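# Inside the fold
In case you want the letters, here they are:
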Amino acid sequence: MMDNLQGSTARRTLTASARLLGTLHLDGQLLLALSAIAVLGLGILYSASGQNEALLWRQTMRFGLAMVAMIALAQVSPKYLRLWAPWVYALGVLLLIIVALVGEASKGAQRWLDLGVIRFQPSELMKLAVPMMCAWLLHDRPLPPDLKLLALMSIVILVPVGLIAEQPDLGTALLIATSGIFVVLLAGLRARVIAAVLALVPVLGWVAWGFLHDYQQKRVLTFLDPESDPLGAGYHIIQSQIAIGSGGIFGKGWMNGSQAQLEFLPERSTDFIFAVVGEEFGLLGLLLLLALYVFVIGRGLFMAIECQDTFARLVAGSISLTFFVYVFVNAGMVSGLVPVVGVPLPLVSFGGTSMVTLMAGFGILMSLHSHRKLIGS
Amino acid sequence: MISPVRIKDHWAEQRMFMRRAIAAGIVILALVIALVVKLVQLQVVRHQYYAELSQGNRVRIEPLPPNRGLILTRAGEVLAENLPAYQLELTPEQVPNVNEALWRLVDLRLVEPDDIERLTRLVRSRRIFESVPIRLQLSDEEVARFAVHRHEFPGIDIRTRLTRHYPLGDVGVHALGYVGAISEQDLKRIDESEYAGTTLIGKVGVESSFEKQVHGTTGFRQVLVNAQGRPVEGEAALRANLATRPPVSGNDLILSLDVRAQRAAEEALRGLRGAVVAIDPNNGDVLAFASTPGFDPNLFARGLTTAEYKALQDDIDRPMFNRALRGTYPPGSTIKPVIALAALESHSIDPGQTRFCRGFFTLPGSRHRYRDWRPEGHGWMNLQESLAQSCDTYFYNVAQVLGIDRMSSYLSKFGLGQPTGIDVEGEKPGLVPSRDWKQKAFSQPGEQVWFPGDTVIIGIGQGYLLATPLQLAHMATLLANRGHSFEPRFVTALRDPSTGEMHKIEPEPSPSVGVDDAAVWQRVVNGMVGVTSPPRGTARGSAAGAPYQIAGKTGTAQVFTVGQTEKYDEKQIAERLRDHALFIAFAPAEAPRIALSVLVENGRSGSGTAAPVARKILDAYLLEPTS
């Protein structure tokens, strides 16, 4: 079976473009799906932003930058990625501490580090550094991890998550925590431990509730009953549900979504852009978009399975699963399935750093996959 | 026990990872399915619900106010029209500090300081993006003054709107009435949705009573709005299916007023406090309806400042008081024809029999003298002569013979003591006293009894008897038509402005007097003709030279009771305590085309003051205009 697969791959690499992709350590299917999402995303953004061409141009530039980051990271050998993991992690934690002390506040949250030339969110770096650090810890050890190792990994995850949640940036903290947890889960954490932790969730949830900021608590409460505050916190959810629901099966047509075009939908070009897709392209548009996302995740998991060492498998798996969390949390919040958490719709929402980080992650994934040694013939 | 050293088993780990990855894939699929189910629920199952919510979000209904109907005379003169006017409007959200901006407008003399509070309240009561009119009609000079400073007033601008204009100014103001800004009181009596977008409403007179016909039907237009409620253009597809219902203009009103008669009436009353009502006895059409002093109704359409309104209200001559419709006065001798008719019809007197007038009348067994207006007396009097010379003594006697019950009955048959049924609101019923009425009106048992003396003075239209000039004019129409007449009316037809189609309003007959004896009527009319005829008719001077025959009756009504031993010395009596002057008439006497009443408050004498007024109106109406 392996032979057949390799054989068919070999046949496909006969084409010149495939050879080029191979040389550049890029994965054709993944690249195609990601590009498709990004291009559709630009079309949606043009409509959602109220035909703002300047904004569209900036997003295009960012996507270009993100592609460069992806291609660059795909060239780095997994060996170096593994060796650098603890140092990148340490640097990230250091930067987070600096942000907490001297960071730039924006919209009530202290997330930015002003480096003079560019403003930089260290939390974005941690999105990749945390799973890599966790995988690094597990790489040489027999799996599944023992309790001592689990405790160590908990600290590795919770320190940056705590710092980011304090900024406060609940969405990013959640994403980073999950990316670390995914490494642990993929490393074969025993089922009974998982069950025990799941049993503890309500307790942990109650404890965490106390640490949440007022506005974060309100978001959860509003999620549970959006009608309770239709003009305040519930407005976002109600308006986005109206947008999606009124789109129906076929949608109102590109640039014809009244909810989006007439600004009833808040954050329409950033966190709530999924509702614009639902309003203007209907259920069919959303299903197409979700299908593309599922393909990316499926392809990512498949590539992870094909990886040959523990570090590569765990990092690749975590990157794929975290990407899913992005999609699910965003789509779920916009459609009213999960609470409103500030998570962008990957590759579609307007916003810079997260797109670069995502594509950088896929660059790492491609590197891990393409630098395999061929086994067998 | 020492735990065994664990060795990394790459093959097992790879298999384990694959199992975990597949498990993750299953979980992902499950969550995606949950998401899809949610989306199907929103977009398929509840689509209709959300589509309606979205429609409600984006569409706002904007009212389209109708054009108010014109008011015209039958001859086509325009009495009320709609003209574009410059209006100063303020859009609250664009004005940084409304109060401060208003004060700066005060500095430009565009707003009165007294109005600041009212305007501030008005601005606050509206939505921030809706423009509020703060001045209704600006003069060209004010427009120019504002234009120079316009850049200093963001959010305040001049807009052209249709407002009401009365081209003849105060001519017929008490008939027409006027429009003004809709007040809280008005809101109680109208359907607010019908007045969305309308700023003016009829306040009194025809403008108010025919409000329903003249206002029209408000249309609407659905406009696309954004989340702030501001109208936006939007893409064509967003604007699809926006409904529009055009407004329907109000009906034009065709009034019965005759501008020449109306102008003659107002001209004749200039400088006096008084009223004239002239009616065509053949259909009830009101030809002239004046109450002086009047006022310019355009002031109200423009919006009075607080000070201007107060000045009108406080004017001692009460220009806003509709004397013709709502002023009740003792009718004096003008009712003598009715009393004469009652006496003839009931055979209480012999018209040919003469009685001697010595200047006063006494009831049997009483020494109280009921004085004649002519202290020396009229000498021998028959019915005809007593009407012509307005002999009070004769009518004191007639009244005593008739008694209060019959007099009340006849006065009521001539429309006194009850509304005439004119087609505008606010009419006063006046008062025809009776035994029953006195019983109810007074609380002291001693005052509740009807005394013979009460009867005697009713015979000359004094005492408790009160009538409006409108009622007296209506009474004159009944005399003119020998007992038949119509309810007075201003509006003779409605005209649909879009088709030009006329909807004539049929005259409404008044209850007939019920006296059919032509000879009786002829005697009364002859008596009234005698009033305007030589040698002794009280109004012969005023009627002199008229190419048509006038049947009239003068009246002089006491405002002030003169003591038994005093003499009425008008020089010593304050101007406002002098007698009211009255006159009723119809002409030509045998084929009447006009019947009228004239009242001049404190005019001293019906023959001297009121009758000349009447002559001017009769001439204006009956004589062909000299071209």
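Residues numbered from 1 in each chain as written. Chains lettered and ligands numbered in written order. Predicted model: local features only at pLDDT ≥ 70, side-chain atom pairs only at ≥ 80, totals over all residues.

### Some details on the overall build of chain A
Check the secondary structure of chain A and you find 15 helices and 3 strands. Relative to its 377 residues, chain A shows a buried fraction of 48%. Contacts spanning at least 24 positions in sequence make up 71% of the contacts within chain A whose residues lie at least 6 apart. (Helix = DSSP H or I, 4+ residues; strand = E, 2+ residues; numbered from the N terminus. Buried ≥ 20, exposed ≤ 12 C-beta atoms within 10 Å, placed from the backbone. Contact = placed C-beta atoms within 7 Å.)

### Overview of the overall build of chain B
A tally of helices and strands in chain B yields 25 helices and 21 strands. Per-residue burial over chain B gives 42% buried out of 627 residues. Residue pairs in contact within chain B that sit at least 24 positions apart in sequence constitute 75% of those at least 6 positions apart.

### A short note on the interface of chain A and chain B
One frequent convention defines the size of an interface as the accessible area lost when the parts assemble. Of the residues lining the interface, 43 residues belong to chain A; the matching set on chain B comes to 40 residues. Going through the elements one at a time, helix H8 (170-186), helix H11 (234-247), helix H12 (258-261), helix H13 (273-306) and helix H14 (310-335) of chain A are the ones with two or more residues in the side of chain A that touches chain B. The element that contributes the greatest number of residues to the side of chain A that touches chain B is H13 of chain A, accounting for 11 residues. When grouped by side-chain class, the residues that make up the side of chain A that touches chain B number 23 nonpolar, 18 polar and 2 charged. (Nonpolar A, V, L, I, M, F, W, Y, C, P; charged D, E, K, R; others polar.)

### Some thoughts on the sheet that holds strand S21 (residues 594-600) of chain B
Residue and element names in this part refer to chain B. Strand order across the open sheet formed by 5 strands is S12-S11-S21-S20-S19, with antiparallel pairing between neighbours. Here the strands that pair on one side only, and so sit at the sheet edges, are strand S12 (286-292) and strand S19 (551-557). The average angle at which neighbouring strand axes cross in this sheet is 5°, direction not considered. Of the strand pairs in this sheet, strand S11 (residues 274-279) and S12 are connected by 6 bridges, and their pairing is antiparallel. Bridged to Val 276 within S12 is Ala 290. Along the sheet, helix H11 (residues 259-268) makes contact with S11 and S12, crossing S12 at roughly 25°. The strands touched by helix H25 (residues 606-622) are S11, S12, S19, strand S20 (580-587) and S21; relative to S20, the strand with the most contacts, the crossing angle is about 35°. (Pairing = 2+ DSSP bridges. Axes fitted to C-alpha atoms, helices over the stretch in contact; angles between N-to-C directions.)

### Details of the packing of H13 of chain A against helix H1 (residues 10-45) of chain B
In contact at an axis separation of 11 Å, H13 of chain A and H1 of chain B are set at 180° when each is read in the N-to-C sense. Looking at the two axes, H13 of chain A sits roughly antiparallel to H1 of chain B. Here Gly 278, Gly 282, Leu 283, Leu 286, Leu 290, Val 294, Ile 297, Gly 298, Leu 301, Ala 304 and Ile 305 of chain A of H13 of chain A come into contact with H1 of chain B, specifically with Phe 17, Met 18, Ala 21, Ala 24, Gly 25, Ile 28, Val 32, Leu 39, Val 40, Gln 43 and Val 44 of chain B. Taken together, the residues that form the contact of H13 of chain A with H1 of chain B break down as 17 nonpolar, 5 polar and no charged. (Parallel < 35°, antiparallel > 145°, perpendicular 65-115°, else oblique.)

### Remarks on unusual backbone geometry
Residues Thr 292 of chain B and Pro 293 of chain B are joined by a peptide bond in cis, for which omega reads -5°. Along the chain, the position of Pro 293 of chain B falls in the loop between S12 and helix H12 (298-302). In this structure, the amide linkage connecting Ala 587 of chain B to the following residue, Pro 588 of chain B, adopts the cis form with an omega of -15°. By the secondary structure assignment, Pro 588 of chain B is in the loop between S20 and S21. Residues other than glycine seldom take positive phi values, yet Met 255 of chain A does so here, at roughly 70°. Among the structural elements, Met 255 of chain A can be located in the loop between H11 and H12.

### With respect to the nonpolar core
By size, the foremost hydrophobic cluster in this structure holds 123 residues, and its most contacted members are Val 276, Val 277, Ala 278, Ala 476, Leu 596 and Ile 617 of chain B. Among all residues touching Val 276 of chain B, those that are not within four sequence positions of it are Ala 265, Leu 269, Ala 288, Ala 290, Leu 596, Val 598, Val 613 and Ile 617 of chain B. (Core = buried A, V, L, I, M, F, W, Y, C linked by C-beta atoms within 7 Å.)

### Topic: the pairing of S21 of chain B
A regular strand places its side chains so that they alternate between the two faces of the sheet. All names here are of chain B. With 7 of 7 residues buried, S21 lies mostly within the body of the structure. Neither face of S21 is left uncovered, since the one carrying Ile 594, Leu 596, Val 598 and Val 600 and the one carrying Ala 595, Ser 597 and Leu 599 both have all their residues buried. In this structure, S11 lies alongside S21, joined through 6 bridges in antiparallel fashion. Bridge pairing in S21 links Val 276 to Val 598. One ladder, built from 7 bridges, connects S20 with S21; its direction is antiparallel. Considered in S21, the bridge of Ile 584 is made with Ser 597.

### A word on the sheet that holds strand S9 (residues 244-245) of chain B
Residue and element names in this part refer to chain B. With antiparallel pairing, 3 strands are arranged side by side in an open sheet as S1-S8-S9. Pairing within the sheet leaves two strands with one partner each, and these edge strands are strand S1 (59-64) and S9. With 2 bridges joining them, strand S8 (residues 219-224) and S9 adopt antiparallel strand pairing. Its bridge partner lying in S9, Arg 221 is registered against Thr 244.

### Section: the environment of His 503 of chain B
Residues and elements named next belong to chain B. Inspection of the secondary structure assignment puts His 503 in strand S18 (residues 502-504). Taking the C-alpha atoms as reference, His 503 lies 8.7 Å from Thr 492; in sequence the two are 11 residues apart. Beyond its immediate sequence surroundings of up to four residues, His 503 is in contact with Ala 493 and Leu 494.

### Some points on H8 of chain A
All names here are of chain A. Between the first and last C-alpha of H8 there are 24 Å, a value that for 17 residues agrees with the 24 Å anticipated at 1.5 Å per step. Burial of H8 is extensive: 15 of the 17 residues sit out of reach of the surface. One or two positions beyond H8, positive phi appears at Gly 188, with a value near 95°. (Expected span 1.5 Å × (residues − 1).)

### Section: the packing of H11 of chain B against H25 of chain B
Residues and elements named next belong to chain B. Direction vectors running N to C along H11 and H25 enclose 160°, while the axes themselves pass 8 Å from each other. Taken together, the axes of H11 and H25 lie roughly antiparallel to each other. As H11 runs across H25, the sense of the crossing is right-handed. Between H11 and H25, the contacting residues are Arg 260, Ala 261, Ala 264, Ala 265 and Ala 268 on the first element and Val 613, Lys 616, Ile 617, Ala 620 and Tyr 621 on the second. Tallied by class, the residues present in the contact of H11 with H25 amount to 8 nonpolar, no polar and 2 charged. (Left-handed = near helix turned anticlockwise from the far one by under 90°.)

### Structural notes on the environment of His 347 of chain B
Residue and element names in this part refer to chain B. Of note, His 347 is situated in the loop between helix H15 (336-345) and strand S13 (355-357). The exposure class assigned to His 347 is exposed, which follows from the 8 C-beta atoms found within 10 Å. As a C-alpha pair, His 347 and Leu 402 span 55 residues in sequence and 9.5 Å in three-dimensional space.

### Considerations on the confidence of the model for chain B
Within chain B, residue pLDDT values average 88, and 93% of them lie at 70 or more. Scoring the predicted complex yields pTM 0.65 and, for the interface, ipTM 0.89. (pLDDT = per-residue confidence, 0-100.)

### Let's talk about the confidence of the model for chain A
For chain A, the average pLDDT comes to 84, and 86% of its residues sit at 70 or higher. Ranking the helices and strands of chain A by mean pLDDT puts H13 of chain A first, with 95, and helix H1 (residues 2-12) of chain A last, with 57.

### Describing the environment of Leu 170 of chain A
Residue and element names in this part refer to chain A. Within the element layout of this structure, Leu 170 appears in helix H8. On the neighbour-count criterion, Leu 170 (22 C-beta atoms within 10 Å) is buried. Linking Leu 170 and Gln 216, residues 46 residues apart in sequence, is a C-alpha distance of 8.0 Å. Sequence-distant contacts of Leu 170, that is, excluding residues within four places in its chain, are made with Ala 165, Gln 216, Val 341 and Gly 342.

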